[in-house]
Amino acid sequence: MTTNDTRVLRAELLSFEDDPGEGDTPAEGSVRHFEDGVLWIENGRIRAMDDYTRLAPELPEGVEILDHRDKLVMPGFIDSHVHYVQLEIMASYGRQLLDWLNEYTFPEECRFAEREHAEALADAFLDEMLRVGTTTAQVFCSSHPVSVDAFFTASQRRGLCMIAGKVLMDRHAPEALTDDTLGGIRDSERLIADWHGRERLGYSVTPRFAPTSTREQLDAAGGLLRNDPSLWLQTHLAENTGELDWVAELFPGSRDYLAVYEQSGLVGPRSTFAHGIHLDQAMRGRLADRGANLAFCPSSNLFLGSGLFDRLAAREAGLNVTYASDVGGGTDLSGLATLKTAYQVGQLRDQPLTAWQGFYGLTLGNARALSLDERIGRLAPGMEADFVVLDPHATPLLARRTSRCRTLGETLFALMMLGDDRTVAETWAGGRCQHRRDG
Ligand code: GUN
Ligand code: ZN
C-alpha cells in the first residue's frame, strides 16, 4: 500500500481545519493556506506541510522538489454516495426514480453476477474517479458478492481508501438480483470478514432502500451494525414522492419513512442516507440526534426530477450534509461538478453555496461525516497522503477567468463553476501519483 519514497511538492496549498461557515469569508482558523507551500510525503503519509521558506531548510539534502507553483494542491475529494455498477447507464433518458430503476438500473446490475464484467467495471470506475480527483468514496456494489470482491480487490491494488457494500434486496426486484432474506446477510458477513478494516478498506452495510427489503432483512442488517459498530451503513431515504407513497403502503406500522429505518436500528453516526429531500424538520432533527448524515446528490436530484435539497434546513437541524455524485442517477462523477450543481440548486432555494463551504464539504466535511477524518480530508502531518493538484489555467477560458481573480475565494468559485476533469492535473493517493492528465 505505501511506498518508502519521499516525495516533496512545492505548490499553493489549501486545507480546512474546520467548517468555514456560510459567510463570504471563512471563519477564523478554519483554513490553512500557503501561497508558496511545501507538502512533504513519506511512506504514504504527510510528514509536513508548511510555508516554503520555513520548511525548505528541513528537507532532506538533495531531495527532488516537484515544482507545481502554478497549481493548487488540496486534499483528495470524497464522494459520500455513488454506485460503481451504474457507470454505464449514466444519462439514460427520461424517467423518474422508480421507472428508472426498473427500466435501466436493475437490468444493468444483473450483469454484475459475472466476475469478469465486475472486474472490468471496477477498474474503469476507479480510473474515472481518479481522473476527477476523487480518492475516497462510499460505494454501492450490486447484490452479487462477486461485485464487492471485484471492487475491493481493484481498490486494494491501487492502495485506495474506499468504503463499499453489497446491496441487500429481498423483494420488489428481478429474481436475479433478489436475495434470500438471511442469505444476503450471510453474504454480507462473509464480505465483512474478508474486507472490513483490511488496509484502507471498510464495509458499509447496504440495504438498497425500504421498498426492496422486508422488515426481517432490515432487522438483520441492524443486527450486523450492533455486532460491529465500526461498520458503515448506506441506503436511500425520501428521494422521490412516488417512493414515499410506496413506503407508506409497505410499512403501515411506521409513522414515517425514517421510522422504518429507526425501528431496525439503522440510524447511527456511521449511517449515510442519500437524498433526504422530502423530510420535515422533526425528521432532520432525529437524524441529527443520531449523528447520521444526508448525502446531497444535486446532479442526480435534477436528472431524476426528484426535487431541490434544502441544505440550510439540514444545517439548522444540526444535521451533517455530505456531497455526492450518486452516479448513475447523477450525471457527473466530478466533485467540482457536484459543487457547481449544488450551487445552482442552492440558487433556486435562495441558499447559494460558497466555494469555501463547498470545498470544505468535498474534503474535511465529508471525511468528518464519514468518520474518516483521523486518516483523510486534511493536509496535515500523519494524515494519509491523498490529494489533488488542480490547475487554474487548465483551459484557455479557465486561465482567462482565473487571471481576473483577486482572492483565493474567487479562484475557488471559478474552479467549482468552470472546472472539470481537465482541471485535475494530478491525483495522488497513498503517497503515489495515480493519475496525471495528458499534456
Ligand atoms: N433508490 C433506490 N435505489 C436507488 C438507486 O440506485 N439510485 C437512486 N438515485 N436512488 C435509489
Ligand atoms: Zn444512490
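The coordinates are above.
Residues numbered from 1 in each chain as written. Chains lettered and ligands numbered in written order. Predicted model: local features only at pLDDT ≥ 70, side-chain atom pairs only at ≥ 80, totals over all residues. Heavy atoms only, no water.

Peer 1: Just give me the short version of the site of ligand 1, but keep the residues and values in it.
Peer 2: Within the structure, ligand 1 sits among 13 residues, and H83, Q86, R208, E239 and D326 are positioned closest to it. In the model, a nitrogen atom of ligand 1 is placed 2.7 Å from a nitrogen or oxygen of the E239 side chain. A distance of 2.8 Å is found between a nitrogen atom of ligand 1 and a side-chain nitrogen or oxygen belonging to D326. Within the complex, the protein chains bury 100% of what would otherwise be the 280 Å² of accessible surface of ligand 1. Element by element, the count of residues in the shell around ligand 1 is highest for helix α2 (residues 97-110), at 3 residues. In terms of residue class, the shell around ligand 1 is made up of 5 nonpolar, 5 polar and 3 charged. (Near = heavy atom within 4 Å. Polar contact = N/O pair within 3.5 Å; in protein donor to acceptor, adjacent residues only side chain to side chain. Areas by Shrake-Rupley, 256 points an atom, 1.4 Å probe, with all protein chains shown as cover. Helix = DSSP H or I, 4+ residues; strand = E, 2+ residues; numbered from the N terminus. Nonpolar A, V, L, I, M, F, W, Y, C, P; charged D, E, K, R; others polar.)

Peer 1: Go over the coordination of the zinc ion (ligand 2), please, and point to the residues and values.
Peer 2: Coordination of the zinc ion (ligand 2) by the protein comes from H81 (NE2), H83 (NE2), H236 (NE2) and D326 (OD), over a distance range of 2.0 to 2.2 Å. Metal-centred angles of 87 to 164° between the 4 donor atoms at the zinc ion (ligand 2) mark the site as irregular. Donor residues for the zinc ion (ligand 2), ordered by position in the chain, follow H-x1-H-x152-H-x89-D. With H83 in strand β5 (residues 77-83) and D326 in the loop between β13 (320-323) and α12 (335-348), the pair connects residues that are 243 residues apart, well separated along the chain. No difference in accessibility class separates H83 from D326, as the two residues are buried. (Donors = N, O, S within 2.8 Å, 3.2 Å for Na, K, Ca; no water. Tetrahedral: all angles 85-135°; square planar, octahedral: opposite > 155°, others 65-115°. Buried < 20%, exposed > 50% of the residue type's maximum accessible area, 1.4 Å probe, protein only.)

Just geometry here; none of it tells us what the structure is for.
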